Amino acid sequence: MRYIAYIFALLAGVALSFEGAIYGELGKTIGQLETSFYNFFVGAIILSLLWLFFGKGKISHVTKAPKWTLLGGSLGVVYLTAIVISVPFVGVGITMVAVIIGQLIMSMVIEHFGWLGSKKTRINKEKIFAVISMVIALILVN
């Protein structure tokens, strides 16, 4: 099962690169905020249909969830809008490398402190070296 998760994560990365390139271009035509709106509007329609036919959870329990867990939607808006703005200026590759560096750094901090329900995993020299390597890659690609 672990390898299937790796494959899904790789496919998500592929999809995000395509999405960044497509939406960077769409942003030039219809506007950056409009592009983010379009993404979430179309996504909401598709997810509504999927939820309607395949959903097995209880969306009515959203009021019972811890309030901080509801912030995810707004973070998605920040994430996508930042990509839509960045891609036309620095390109898909540099944008995605910068996104990955941000993800690595923040995920290390979150796991180091065990925030947001994550398993505590200490920051070590290998992880620091990985981030430094990615920063060097960003500089070299630029």
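Refer to the preceding data block for the structure.
Nothing here was measured: the structure is a model prediction, and the numbers come from that model. Counting from 1, residues in each chain are numbered in the order their sequence is written. The predicted nature of this model means local features are confined to residues of pLDDT at least 70 and side-chain atom pairs, given and counted, to a pLDDT of 80 or more, with totals for whole chains, interfaces and linings taken over all residues. With hydrogens and water excluded, all non-hydrogen atoms of the structure serve as input to the side-chain values.

## Examining the packing of aromatic side chains
Item 1. Ring pairs shown here join Phe, Tyr and Trp side chains whose ring centres sit within 6.5 Å, with only the six-membered ring taken for Trp; geometry is labelled stacked below 30 degrees between planes, edge-to-face above 60, and tilted in between. Counted by the stated rule, this structure contains 4 aromatic pairs.
Item 2. Measuring from ring centre to ring centre gives 6.0 Å for Tyr3 and Tyr6, while their planes differ by 70°; the resulting arrangement is edge-to-face. Within this pair, Tyr3 and its partner Tyr6 are both found in helix α1 (residues 2–30), separated by 3 residues, close to a single helical turn.
Item 3. Residue Tyr3 is classed as exposed on the basis of its relative accessible area of 66%.
Item 4. For every residue, the accessible area (1.4 Å probe, protein chains only) is compared with the maximum for its type, and the residue is labelled buried under 20%, exposed over 50%, or partly exposed between those bounds. Classification of Tyr6 as partly exposed rests on a relative accessible area of 45%.
Item 5. Between Phe113 and Trp115, the ring centres sit 5.0 Å apart and the planes meet at 15°, which makes this aromatic pair stacked. Here a strand is any run of E in DSSP of at least two residues, a helix any run of H or I of at least four, and the numbering for each starts at the N terminus.

## Concerning the pattern of salt bridges
Item 1. A carboxyl oxygen of Asp or Glu within 4 Å of a side-chain nitrogen of Lys or Arg is what we treat as a salt bridge. Applying the stated criterion across every chain, the model contains 1 salt bridge.
Item 2. For Lys28, the salt bridge is made with Glu25, and the minimal N-O distance between the two is 3.2 Å. Here the residue Lys28 and the residue Glu25 both occupy positions in helix α1, the gap between them amounting to 3 residues, near one helical turn.

## Some points on the packing of α1 against helix α3 (residues 72–90)
Item 1. Between N-to-C directions, angles cover 0 to 180 degrees, with each direction set by a line fitted to C-alpha atoms, over the stretch in contact for helices. Where α1 meets α3, the closest approach of the two axes is 8 Å, and the angle between their N-to-C directions is 70°. As the angle between them shows, α1 and α3 are arranged roughly perpendicular. Helix-helix and strand crossings are classified by hand; for α1 and α3 the assignment is right-handed. Here Leu16, Glu19, Gly20, Ala21, Tyr23, Gly24, Gly27 and Lys28 of α1 come into contact with α3, specifically with Tyr79, Leu80, Ile83, Val84, Val87 and Pro88. An angle below 35 degrees is treated as roughly parallel, one above 145 as roughly antiparallel, one from 65 to 115 as roughly perpendicular, and anything else as oblique. With the far helix as reference, a near helix turned anticlockwise by less than a right angle produces a left-handed crossing, and one turned clockwise produces a right-handed crossing. In this description, contact between two residues means that some pair of their heavy atoms is separated by no more than 4.5 Å.

## With respect to the environment of Ile110
Item 1. Among the structural elements, Ile110 can be located in helix α4 (residues 92–113).
Item 2. Setting aside chain neighbours within four positions, we find Ile110 in contact with Trp115, Leu116 and Ser118.

## Re a nonpolar patch on the surface
Item 1. A cluster of nonpolar residues, Phe37, Phe41, Ile45, Ile46, Leu47, Leu49, Leu50, Leu52, Phe53 and Phe54, forms a patch on the protein surface that exposes about 1,100 Å² of accessible area.
Item 2. Take Leu50: it is sitting in helix α2 (residues 32–54).
Item 3. Using a relative accessible area of 42% as the deciding quantity, one classes Leu50 as partly exposed. Patch membership requires over 30% relative accessible area and the absence of a salt bridge. Like charges are linked within 9 Å, and nonpolar side chains (Val, Leu, Ile, Met, Phe, Trp, Tyr) within 5 Å. Residue-level accessible areas treat just the shown protein chains as cover; the underlying method is Shrake-Rupley with a 1.4 Å probe.

## Concerning the side chain of Thr35
Item 1. Along the chain, Thr35 turns up in helix α2.
Item 2. The definition of a polar contact used here is a pair of N or O atoms within 3.5 Å, where within protein one atom must be able to donate a hydrogen and the other to accept one, and adjacent residues in sequence count solely through side-chain atom pairs. From its side chain, Thr35 meets the backbone nitrogen of Gly27 in a polar contact 3.2 Å long.
Item 3. Beyond its immediate stretch of four places on either side in the chain, Thr35 contacts Tyr23, Leu26, Gly27, Ile30 and Val84.

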